[in-house]
Amino acid sequence: MIKYESVGYNQNISLDTIDIPLYFYLELNNSCNLRCKFCSVSNKSNEYIDLDMIKHILDELKSIGVYDVYYTGGEPLLHPNFEEIVEYANKLGIRQTVLTNGILLDKFQHILDKIMCVCISLHGSKKIHNKLTDSNCYDKVLSNIELVKKITNVKINYTVISDNQDINVMKYILEYGKKKDIPISFSKYNNIGEGKDNNCYIDINLFVKNLDILKNEGYDFSINDCIVPCTIEEKYLYLTHGCGAGYLFGSIDYNGNLKICPSSTNVIGNVKNNSIKKIWNYSYLKDYRKMRWIPEYCKVCRNLARCRCGCKIELGKELNEINDYIVKMEIDKIWNKIKNKKMKVNISILRKEKKDYISLSFPSRKYNDEAIKIIEKINAGEELEQFEKHKDFIVALYKDGVLKEGD
C-alpha cells in the first residue's frame, strides 16, 4: 500500500466518535405522488414499513438515546398509518421532522402540532417547480406551506440542479421566504437515483458563486449537502462542509435495512435480525468511520477535517472507497490532462526515517518504499498511464508540485 502523508500536520481523522448517531432517517415507504426529474430514489413501488415494525424501531431508538427522527420516503405522507406513527412517536417523547413534497399536508393538519418541523420541497418559480416535478402542484404546495406555518415550524428545501440554478430563480424563493418569515435551505443535486438516469447535473462552480453573491447581498439561508473544497475556488471555502452519514446519522428503510444514508445502496444490516445498536457497531461500519481507507489525494489535503471526503454514497461503491461524484470527476480531469505527458520529479533530498522516507524539499511529505519505486520509475521516463491504478496518488503528486511537466 502506498504511503503519501504530510509531515507538517496530523491527518489521522476518525469519525468513530460516538456509539450511536444523533438522529435517524426513517424511510416509511417507497411510493410517491410525484415524479421529480432529479429524485434520489429509483425503482419506486408501493411498499411501506409495517406499523408494528416502525413501533419496534421507535421503541429501540428511544431506549438507546435517539430522540430525533426524520420521516422520508418516497413521500412519507402516503404511508397508510402515518397518523398512528406520529401519535406513537409523540407519546415516546421523540422529536419528529417530516421531509415532504407538501401536497398532502392539509389532510394531516390535525396532527401537525405533534411534529417539530415540516421540511417542504420547493424548487423555484411556479413554471420551473411544476416542470421539475412533472405536475401542476405549485399553488397547492404554497398553500400548504402557509398552512403549516400557522401550526408548527416549517422550512423550504430547494434542490439545485442545472434547470434552476439561475441566481434570479434562487433569489425569487429567498424573497418569498423573507416575506413569509420561512427559512430556506439549498441542497446540491447528488448524482444518484432518477436524477442520474435523467442525466441531471449541477455546475458546482456556478452554484457556489451564486451562493456567495446571495450571502453578500444579505440573504439568509442554509446549505444542506456537502460541498468539497478541492472542487471549487478557495474564496468559497466558507460555503463548504462535510456529510454526517454513517456517524452523525443513519437511515432505516421500509424493509428494515439499516444504511448510512437514505440514498445509499449499501445495506449494513437489518433491524428484523439484529438490534440497531449492534448493527451500528459492526466492524465494517466502524472501519468506515475510522477513515483509514481514504485515498492519498485526500490524505494530504488541509481541508480533510472540513469535508471528510465529501458525499459517501454517490458512486454506489463500497463505503470504504471515495464515493463523491464531483471529486472523482476532478481527479479524472487532472489525470486525463497529465497521463500522456512526461514528468520530472521535484524532490532534491530524501531522508530515511525508520521504514519511510521524508522529503526535505517542499512540500514536506512522507513516502514508503512502494511510493518511492513509482516516483523513481516516473523520473526515469516511464509514462504515467501505466500507473492508472494509482492515479489518485499521481494526481496528488501533481497537485502538490512534486511532479512537474518535463521540457
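See the structure shown above.
Quick caveat, the model's predicted, so the values are computed rather than measured.

So, how was this worked out
Going along each chain's sequence as written, the residues are numbered from 1 onward. For this predicted model, a pLDDT threshold of at least 70 governs which residues receive local features, and a threshold of 80 or more governs which side-chain atom pairs are given and counted, while totals over whole chains, interfaces and linings are taken from all residues. Side-chain measures were taken over the full set of non-hydrogen atoms in the model, leaving aside hydrogen atoms and water. By the convention used here, strands pair only if DSSP detects at least 2 bridges between them. Put simply, DSSP marks the helices as runs of H or I at least four residues long and the strands as runs of E at least two long, and each gets a number from the N terminus on. Only protein atoms enter the 1 Å grid used here. Points where a 1.4 Å probe fits but cannot escape make up a cavity, open sets with protein on both sides within 12 Å along at least five of seven lines make up a pocket, and a residue lines them when an atom lies within 4 Å of a point. Grid points are joined across faces, edges and corners, and a volume is the space filled by probe spheres set on the points. Gly counts as polar in this scheme, as do all residues outside two lists: the nonpolar Ala, Val, Leu, Ile, Met, Phe, Trp, Tyr, Cys and Pro, and the charged Asp, Glu, Lys and Arg. Here an axis means a line fitted to C-alpha atoms, over the contact stretch when the element is a helix, while the angle between two N-to-C directions is reported on a 0 to 180 degree scale. By the definition adopted for this analysis, an angle is roughly parallel if under 35 degrees, roughly antiparallel if over 145, roughly perpendicular if from 65 to 115, and oblique otherwise. The criterion used for residue contact is that any of the two residues' heavy atoms lie within 4.5 Å. In a left-handed crossing the near helix is turned counterclockwise from the far helix by less than a right angle, and in a right-handed crossing that turn is clockwise.

Trainee: I keep staring at the pairing of strand E14 (residues 356-359) and nothing clicks. Help me out?
Mentor: For a regular strand, side chains alternate in direction, first toward one face of the sheet and then toward the other. In terms of strand pairing, strand E13 (residues 350-353) meets E14 through 4 bridges, oriented antiparallel. When the sheet's bridge partners are listed, Glu353 is paired in E14 with Asp356. Hairpin connection from E13 to E14: 2 residues lie between these consecutive antiparallel strands, with Lys354 at a positive phi of about 55°. Linking E14 to strand E15 (residues 365-367), which pair antiparallel, is a turn of 5 residues.

Trainee: For this particular structure, what's the right way to read the layout of surface pockets?
Mentor: The probe, sized like a water molecule, is rolled over the atoms to show the empty space still left. By volume, the second largest pocket amounts to about 670 Å³. Listing elements by their share of the lining of the second largest pocket, those giving two or more residues are helix H10 (296-299), helix H11 (304-307) and helix H14 (391-400). The element that contributes the greatest number of residues to the lining of the second largest pocket is H14, accounting for 3 residues. Of the residues assigned to the lining of the second largest pocket, the class counts are 17 nonpolar, 4 polar and 6 charged.

Trainee: Hey, could you run me through the packing of helix H3 (residues 126-133) against helix H4 (residues 138-149) in this one?
Mentor: Packed helices, taken two at a time, are described by the angle between their axes plus the distance between the axes. Where H3 meets H4, the axes come as close as 9 Å, and the angle between the chain directions of the two elements is 105°. Of the possible angle classes, the one that applies to H3 and H4 is roughly perpendicular. The segment H3 lies against H4, with Lys126, His129 and Asn130 engaging Tyr138, Asp139 and Val141. Looking at the contact of H3 with H4 residue by residue, the classes come out as 2 nonpolar, 2 polar and 2 charged.

Trainee: Looking at this structure, how should I read the sheet that holds E13?
Mentor: Adjacent strands of a sheet form backbone hydrogen bonds with each other and so pair up, either parallel or antiparallel. If you trace the 4 strands from one edge of the open sheet to the other, you get E1-E15-E14-E13, paired in antiparallel fashion. Looking at strand neighbours, the two that pair on one side only are strand E1 (4-6) and E13, the edges of this open sheet. Each adjacent strand pair in this sheet contributes to an overall mean axis angle of 30°, direction not counted. Across 2 bridges, the pairing between E14 and E15 is antiparallel. Note that in E15 the partner of Ile358 across the bridge is Lys366. In this fold helix H13 (residues 369-379) packs onto E13, E14 and E15, with an angle of close to 100° to the strand it touches most, E15. Together, E1 and E15 form the strand contacts of H14, whose direction differs from that of E1 by roughly 40°.

Trainee: I tried to follow the packing of helix H1 (residues 51-63) against helix H2 (residues 82-92) on my own but got confused; where do I start?
Mentor: The contact between H1 and H2 brings their axes to 10 Å, and the two run at 20°. Classified by the interaxial angle, the pair formed by H1 and H2 is roughly parallel. The handedness of the crossing between H1 and H2 comes out as right-handed. On H2, the residues touching Leu51, Ile54, Lys55, Leu58, Asp59 and Lys62 of H1 are Glu84, Ile85, Tyr88, Ala89 and Leu92. Partitioned by chemical class, the residues of the contact of H1 with H2 number 7 nonpolar, no polar and 4 charged.

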